Amino acid sequence: MALRIVDVAEAPGPDLDAAADDGPLIAVGALSDADESTLRDATFTLTEEPTEDRRAVTVTSIDAAVAEVRTRVDRWPQAAAVCDDVLRSVDVAGTVAAGLVTESLGYSTLQSGPEFARWLAERGARGFDEVPDPVLVERDGSRLSITFNRPGRHNAFSNATRQALVEALLIAQADPTVEAVVLSGTGPSFCSGGDLAEFGTFTDPVAAHLARTRQSPARRLAAITARLGASCRAQVHGQVLGSGLEMAAFCGHVTCRHDAVLGLPELRLGLIPGAGGTVSVTRRIGRWRTAYLVLSGKTIDPGTALSWGLVDAVG
């Protein structure tokens, strides 16, 4: 499962054809020299040139960026390989449901693996708290406002939050008089991702898979966006990480404040995105830049998110 590096000018061959068989494959170099097949088949490409090509990411130093990714892939080789597999398998033109099932099966596999077990052991036992109303719902005419409400935890996404969010989204799905939905968060952040204190409380990966796919906010957000388009909006700020970013990306329009940091940090837990991000983020920025966010662990600023199409407006 070792990370492989190829030059973008390299002619396509059997190693590239088998890119998904051995683990992540990073192409590097000047895009002006790039072979089209290499750009297409690589997990992603690193270049020091500015580029709008969604298959590539501009970095200050290719050598430094490769070293950082290699360190992470060496630390979490199984999660990195499963991430690459899932992203290559998701059909952005296909149904959301199919993509979520593919993602969840990969996630459940990793929940049973040694890398997640190692993270749990290193974290140790942790208690978690819950507020009475983790999600606030307000109706104003035809507009439904849904607000994450755990500000002391940067709106970390707990099981209670998920259930409350699903119930709120059901209102928007069931009531045709709801013509706008706005998703936001109280306090310093929109949503900092899954509540790490709860990780490991699901001891049955099959039950966890069924819960993720049958009680999925992602499916409901996607259905609401299909009906309302840009009138299904997310307003994000502060930490927009993990499941927070994944859910926001399903909305038809995402407005991002200047203080936001956006990223997919799940690899450091020995996991991959599990709230639909392999579908929602990939639909917005392509599988290559999604893979970069996961494998590098880097966060991006609002300007980069806007230029990539991960958000629709900054302000």
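Because the structure is predicted, anything quoted here is derived from the model rather than measured.

Asks: Explain the pattern of salt bridges here, please?
Replies: It is possible for side chains of opposite charge to pair when their charged atoms get near one another. Counted according to the given criterion, the structure contains 11 salt bridges. Here K298 makes a salt bridge to E68, at a shortest N to O gap of 3.1 Å. With K298 in the loop between α12 (277–296) and α13 (302–308) and E68 in helix α4 (residues 62–75), this residue pair connects regions lying 230 residues apart in the sequence. On the basis of relative accessibility, which here comes to 34%, the residue K298 falls in the partly exposed class. Across the pair R75 and E122 runs a salt bridge whose closest N-O atoms are separated by 2.9 Å. With R75 in helix α4 and E122 in helix α7 (residues 114–123), this residue pair connects regions lying 47 residues apart in the sequence. Note on R75: relative accessible area 34%, which makes it partly exposed. Among the ionic contacts, a cluster of salt bridges with common partners joins E36, D53 and R55.

Asks: What exactly am I supposed to notice about the layout of surface pockets here?
Replies: In this approach a probe as big as a water molecule rolls over the atoms, and the regions it shows empty are the leftover space. Its boundaries defined by the atoms lining it, the largest pocket holds a volume of some 800 Å³. Forming the walls of the largest pocket are 41 residues, and the residues nearest its centre are Y107, F157, G194, F199 and S243. Residue assignment for the lining of the largest pocket shows that the elements contributing at least two residues are α6 (96–111), α8 (159–174), α9 (205–214), α10 (217–228) and α11 (243–248). In terms of residues, the lining of the largest pocket owes the most to one element, α6, which gives five residues. Of the residues in the lining of the largest pocket, the class split is 17 nonpolar, 15 polar and nine charged. Here the second largest pocket is characterised by a volume of approximately 310 Å³. Around the second largest pocket, the lining is made up of 21 residues, and of these V57, T58, V59, Y292 and W308 lie nearest the centre. When residues in the lining of the second largest pocket are grouped by element, the largest group, four residues, is from α4. Split by residue class, the lining of the second largest pocket holds nine nonpolar, eight polar and four charged.

Asks: Can you help me understand α6 in this one?
Replies: For α6, which comprises 16 residues, the first-to-last C-alpha distance of 22 Å matches the rise-based estimate of 22 Å (1.5 Å per residue) to within 8%. For α6, the complete set of buried residues consists of V96, G99, L100, E103, S104, G106, Y107, S108, L110 and Q111.

Asks: I'm lost on the pairing of strand β10 (residues 253–256) in this one. Help?
Replies: On any regular strand, side chains alternate: one points to one face of the sheet, the next to the other face. Of the two faces of β10, only one is covered, namely that formed by V254 and C256; the face formed by H253 and T255 stays uncovered. Two strands pair when backbone bridges link them, and strand β8 (residues 232–236) and β10 are joined in this way by four bridges, in the parallel orientation. For Q235, the partnering residue across the bridge sits in β10 and is T255. Across two bridges, β10 lies against strand β12 (residues 313–314) in parallel orientation. The partner of C256 across the bridge, within β12, is V314.

Asks: I keep staring at the packing of aromatic side chains and nothing clicks. Help me out?
Replies: Here a ring pair, both rings aromatic, is described through the centre-centre distance and the interplanar angle of the planes. On inspection of all chains with the given rule, the structure shows five aromatic pairs. Their ring planes at 70° and their centres at 6.1 Å tell us that W119 and F199 sit as a pair that is edge-to-face. Of the two residues, W119 is situated in helix α7 and F199 in the loop between β7 (180–185) and α9; the sequence distance between them amounts to 80 residues. The exposure classification of W119 matches that of F199, with both residues buried. Aromatic pair F148 and F190: ring centres 5.4 Å apart, planes at 65°, arrangement edge-to-face. Of this pair, F148 sits in strand β6 (residues 143–148) while F190 is found in the loop between β7 and α9, placing the two residues 42 residues apart along the sequence. One aromatic cluster is present, formed by F116, W119 and F199 through successive ring pairs.

Asks: Explain the side chain of T161 to me, please; I cannot follow it from the model alone.
Replies: Topologically, T161 is positioned in helix α8. Residues in contact with T161, not counting those within four places in the same chain, are E130, P134, V135, F148, R150 and A156.

Asks: Would you take a moment to explain the environment of E198 for this structure?
Replies: Mapped onto the secondary structure, E198 falls in the loop between β7 and α9. What makes E198 buried here is its relative accessible area of 9%. Measuring from C-alpha to C-alpha, the distance between E198 and G286 comes to 30 Å, with 88 residues separating the pair along the chain. In this structure the side chain of E198 is engaged in a polar contact, spanning 2.9 Å, whose partner is the backbone nitrogen of N159.

Asks: Which parts of the structure should I look at to understand the side chain of S145?
Replies: For S145, the position within the fold is in strand β6. The buried category is assigned to S145, whose relative accessible area is 16%. There is a polar contact of 3.3 Å between the side chain of S145 and the side chain of R143. Excluding residues that lie within four positions of it along the chain, S145 makes contacts with L136, V137, E138 and V182.

Rules behind the numbers
- Residues numbered from 1 in each chain as written.
- Predicted model: local features only at pLDDT ≥ 70, side-chain atom pairs only at ≥ 80, totals over all residues.
- Heavy atoms only, no water.
- Salt bridge = Lys/Arg side-chain N within 4 Å of Asp/Glu carboxyl O.
- Helix = DSSP H or I, 4+ residues; strand = E, 2+ residues; numbered from the N terminus.
- Buried < 20%, exposed > 50% of the residue type's maximum accessible area, 1.4 Å probe, protein only.
- 1 Å grid on protein atoms, 1.4 Å probe; cavity = no way out; pocket = protein on both sides within 12 Å on 5 of 7 lines; lining within 4 Å.
- Points joined across faces, edges and corners; volume = space filled by probe spheres on them.
- Nonpolar A, V, L, I, M, F, W, Y, C, P; charged D, E, K, R; others polar.
- Expected span 1.5 Å × (residues − 1).
- Pairing = 2+ DSSP bridges.
- Phe/Tyr/Trp six-rings, centres within 6.5 Å; stacked < 30°, edge-to-face > 60°.
- Contact = heavy atoms within 4.5 Å.
- Polar contact = N/O pair within 3.5 Å; in protein donor to acceptor, adjacent residues only side chain to side chain.

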